[in-house]
Amino acid sequence: MKPAFFRPLELFESATSYRLLPFRFHRQDDCVLLTNEVGEFEFVDNAEFSSLVARKLERGDTYNSLKAKHFLSDGDVRVPLELLATKVRTKREFLSGFTRLHIFVVSLRCDHTCPYCQVSRVTQDRNRFDMSVDTANKAIDWVFSSPAPEMKVEFQGGEPTLNWPLVEHIVVAVEARAALETRHIDFVLATNLSALDDRVLAFCREHRIHLSTSLDGPMDLHNANRPRPGRDSYERFKTNLSRARAELGHDQVSALMTTTPASLGRVKEIIDEYVSLSFDSIFLRPISPYGFAKRTGLDHSYGAQTFLAFYREGLEYIIELNRRGVPFIEAYAQIILRKILTPFSVGYVDLQNPAALGTGVVVYNYDGDVYASDEARMLAEMGDKSFRLGGVSDRYEDVMSSPRLQRWAESSCLEAMPGCSECAYLPYCGSDPVQNWATQGDTVGHRPTSEFCARQTGLFEYFFDVLRNGDEFTRKLFLAWASM
């Protein structure tokens, strides 16, 4: 009789009354953070954690909480697994419908000369960097090849208002096509506001186009970070912000900022500037490693820990403002808290698992090239077209089923990535093969030396520390942000 190849199943079955369900953990000073596949979490002390994994945890409050959140099961294991599967589908709802965000780079021209410009803009007189009507029409065909019933069309640059007739053409054509196909389309115009005129504002009002703009802080800082001829970037911004709000509605204009070395030490002033201009939120962003920021070395002007200190100071100041009765939100905190505190999908394409390359976003460049993300076209302007999907003349079906796109999806699944697969923060994080490639020369990347990983880990540690040790006001504030 041949010896059994496998040991008997009974040897692996627990004699205790519960089974452990899949989870990850992270040890903190005096406790252990447990997270599961759908992002539910629980803090347990070290003794409870030892008992849990030894399957000796006594019934009580901790036991019941872990059972309710599907960290353990003491009944038919199929039931909690089916519930977990349902919750996974809800969390990954952003994958349904396929590509929802379509970005048109209608011109690479811009009137600003920002030293951190990530798109490598060109001067206003170089019309050959404008998208043509023929290219735009082919790109519109791509938009409607996506099966998504609800989509967003975003106009990027350069400064898209410098090729305004084409923006009008695209909006009118997309609306007509959407009406025929019963699709819902939202429009966003990313603009520095400097070239807004009556024609632009009237069209935006008629077609309910949301404006997304940039404000880097008080006048001296904004003008230094975002120079233009006349040195009046801030003055134009402030004047046209008022005009845009008056024409379109106050909530139809949002802004975000970029953190430069000159911003460090001034986060409270920057936030005060947003509050004084009646914004209700700010997005505290680091410099991206593309375009002029790469060429000038600004992308290495400060590290992850410096940014984290800047961010924490800013967030704590925002919490203090709310405590004083000034409602104000930090937008990236809101995105992360939604991932931690709600069961719902978050559509933010820069923090998805798998990465949104092609599946969540497609970029139509001014020259007819199609890229898998906004960062991919930024990389292309630096001479590296590794993430070019194809051209607008190619068939959508051929490109979207290509082995290249499948490889990018596979290489961006955190569950299969070294350094991510066992990380307790995986349910809330995302991957970016383009940034890995741009900074480390590899789509998978190396987590111990990744600035992105260091920044994200620091943020998650901060938020979970506040959720465990923060005062009641802050925890309620975070829950309110997540629920908005």
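For the structure given in this document, a descriptive report is provided here.

About the cut-offs
Residues numbered from 1 in each chain as written. Predicted model: local features only at pLDDT ≥ 70, side-chain atom pairs only at ≥ 80, totals over all residues. Heavy atoms only, no water. Salt bridge = Lys/Arg side-chain N within 4 Å of Asp/Glu carboxyl O. Helix = DSSP H or I, 4+ residues; strand = E, 2+ residues; numbered from the N terminus. Buried < 20%, exposed > 50% of the residue type's maximum accessible area, 1.4 Å probe, protein only. Pairing = 2+ DSSP bridges. Axes fitted to C-alpha atoms, helices over the stretch in contact; angles between N-to-C directions. Contact = heavy atoms within 4.5 Å.

Some thoughts on the pattern of salt bridges
Tallied over the full model, the rule gives 32 salt bridges. Ionic pairing is found between Arg-109 and Asp-130, a salt bridge with its closest N-O pair at 2.8 Å. One end of the pair, Arg-109, is in the loop between strand S6 (101-105) and helix H4 (133-143); the other, Asp-130, is in the loop between S6 and H4, and 21 residues separate them in sequence. Assessed through its relative accessible area of 9%, Arg-109 is described here as buried. The partner of Glu-320 in a salt bridge is Arg-324, with the nearest N and O atoms 3.9 Å apart. Taking relative accessible area as the criterion, Glu-320 reaches 32% and is therefore assigned partly exposed. If you follow the salt bridges from partner to partner, you end up with Asp-111, Arg-228, Asp-232 and Arg-236 in one network.

Section: the sheet that holds strand S2 (residues 24-27)
Pairing within the open sheet is antiparallel, and its three strands lie in the order S2-S3-S4. Taken across any chain shown, the strands that pair with only one partner, and hence form the sheet edges, are S2 and strand S4 (41-44). Averaged over all adjacent pairs, the angle separating strand axes in this sheet is 20°, with direction ignored. As defined by bridge partners, strand S3 (residues 32-35) adjoins S4 across four bridges and the pair is classed as antiparallel. Looking at the pairing, Leu-33 lines up with Phe-43 of S4. Along the sheet face, helix H1 (residues 46-53) touches S2, S3 and S4 and points at about 45° away from the line of S3. Against the sheet, helix H17 (residues 451-469) engages S2, S3 and S4, with an angle of about 65° to S4.

Brief notes about the sheet that holds strand S7 (residues 150-156)
The strand order across the open sheet built from nine strands is S12-S10-S9-S8-S7-S6-S14-S15-S16, with neighbouring strands paired in mixed fashion. The sheet is open, and its two borders are formed by strand S12 (284-285) and strand S16 (388-391), each paired with just one other strand. Where strand S8 (residues 184-190) and strand S9 (residues 209-214) come together, four bridges link them in parallel fashion. Within the sheet, the bridge partner assigned to Phe-187 lies in S9 and is Ile-209.

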